[in-house]
Amino acid sequence: MLEHLWDGVHWDFMLERGEILRTWAIDAAIVPGRDLPARSLGDHRRLYLEYEGEISGGRGRVRRLDSGTYRALHWSAERVRIEVAGSQLAGELELRFVGAEPLGAPLWIFRMGNLD
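Within each chain, residue numbers correspond to sequence positions counted from 1 in written order. A pLDDT threshold of at least 70 governs which residues receive local features in this predicted model, and a stricter bar of 80 or more applies before side-chain atom pairs are shown or counted, although totals over entire chains, interfaces and linings include all residues. Each side-chain value is derived from all of the structure's non-hydrogen atoms; neither hydrogens nor water enter the calculation.

Undergrad: How should the environment of tyrosine 51 be read in this particular structure?
TA: Of note, tyrosine 51 is situated in the loop between strand E4 (36–45) and strand E5 (53–54). The exposure class of tyrosine 51 is partly exposed, given its relative accessible area of 29%. Separated by 27 residues in the primary sequence, tyrosine 51 and tryptophan 24 place their C-alpha atoms 17 Å from one another. Side-chain polar atoms of tyrosine 51 contact the backbone oxygen of glutamate 54, separated by 2.3 Å. A helix here means a DSSP run of H or I that spans at least four residues, while a strand means a run of E at least two residues long, and both kinds are numbered starting from the N terminus. Relative accessibility thresholds used throughout: buried, under 20% of the residue-type maximum; exposed, over 50%; partly exposed, between the two (1.4 Å probe, protein chains only). Each polar contact in these results corresponds to two N or O atoms within 3.5 Å; when the atoms are within protein, one needs to be able to donate a hydrogen and the other to accept it, and residues that are neighboring in sequence are counted only if both atoms are side-chain atoms.

Undergrad: Which parts of the structure should I look at to understand the side chain of histidine 4?
TA: Along the chain, histidine 4 falls in strand E1 (residues 2–5). Polar side-chain contacts of histidine 4 include one of 3.1 Å to the side chain of aspartate 12. Filtering out sequence-adjacent residues up to four positions away, histidine 4 remains in contact with Val9, His10, Asp12, Ile55, Arg59, Gly60, Arg61 and Val62. Only heavy atoms matter for contacts: two residues are in contact if any of them lie within 4.5 Å across the pair.

Undergrad: What is the right way to look at unusual backbone geometry in this model?
TA: Most peptide bonds are trans, and most residues other than glycine sit at a negative phi. Phi at aspartate 7 is positive, roughly 55°, even though this residue is not glycine. Structurally, the position occupied by aspartate 7 is in the loop between E1 and strand E2 (9–17).

Undergrad: Just checking my understanding: could you explain the pairing of strand E6 (residues 61–64) for this structure?
TA: The side chains of a regular strand alternate, first on one face of the sheet and then on the other. The rule for pairing is simple: two strands pair if DSSP sees at least two bridges between them. In terms of strand pairing, E1 meets E6 through four bridges, oriented antiparallel. In the sheet register, leucine 5 faces E6, and the bridge partner there is arginine 61. Of the pairings in the sheet, the one linking E5 to E6 comprises two bridges and is antiparallel in character. The residue bridging glycine 53 from the neighbouring strand is valine 62, located in E6. Linking E5 back to E6 in an antiparallel pair, the connection comprises six residues, with glycine 57 at a positive phi of about 75°.

Undergrad: Can you help me understand the sheet that holds strand E8 (residues 79–86) in this one?
TA: Two pairing modes exist for strands in a sheet, parallel and antiparallel, and in both the strands are linked by backbone hydrogen bonds. Taken together, ten strands build an open sheet; the order of strands is E5-E6-E1-E2-E3-E4-E10-E9-E8-E7 and the sheet is antiparallel. Every interior strand has two partners, whereas the edge strands, E5 and strand E7 (68–75), have only one.

Undergrad: Got a minute to help me understand the pairing of E2 in this structure?
TA: Direction of pairing for E1 relative to E2: antiparallel, over a ladder of four bridges. In the strand pairing of E2, glutamate 3 is matched with tryptophan 11. Connecting E1 to the next strand, E2, in antiparallel fashion are three residues, including aspartate 7 with a positive phi near 55°. Both E2 and strand E3 (residues 20–26) contribute to a ladder of seven bridges, which runs antiparallel. Paired with phenylalanine 13 across the two strands is tryptophan 24, which belongs to E3.

Undergrad: Where do I start with the pattern of salt bridges in this structure?
TA: When charged atoms on two side chains of opposite charge get close, those side chains can pair. The salt bridge criterion pairs a side-chain nitrogen of Lys or Arg with a carboxyl oxygen of Asp or Glu, the two atoms within 4 Å. The full count for this structure, using the stated rule, is eleven salt bridges. Between aspartate 27 and arginine 39 there is a salt bridge, with its nearest N and O atoms 2.8 Å apart. You can see aspartate 27 sitting in the loop between E3 and E4 and its partner arginine 39 sitting in strand E4, a full twelve residues away along the chain. Its salt-bridge partner being aspartate 35, residue arginine 111 comes within 2.9 Å of it at the nearest N-O pair.

Shown next, in the form of structure tokens:
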């Protein structure tokens, strides 16, 4: 999880899938048990697992807030449910696809805890 300061602030939630990082931008501070808006971003390079600092092209700055491991409980094109074990985030969380913005960006809901 990276805090990304660029045109405001959002949090980049990244999950390692083979050679890439599947990435969502969460647009609100994470609060357990609440649905939070998220946007699917393009896959990121694995170097972001360790990187902190300025992003090229004037795209802001990132700072790591958490890292850890996860176990996939369900992974499909429209729903990702995992169990995370990080220093800040721990427990089950879910990302659900809910549609697309007018300009085509995929919209998701991020929820940590109280999933059923």
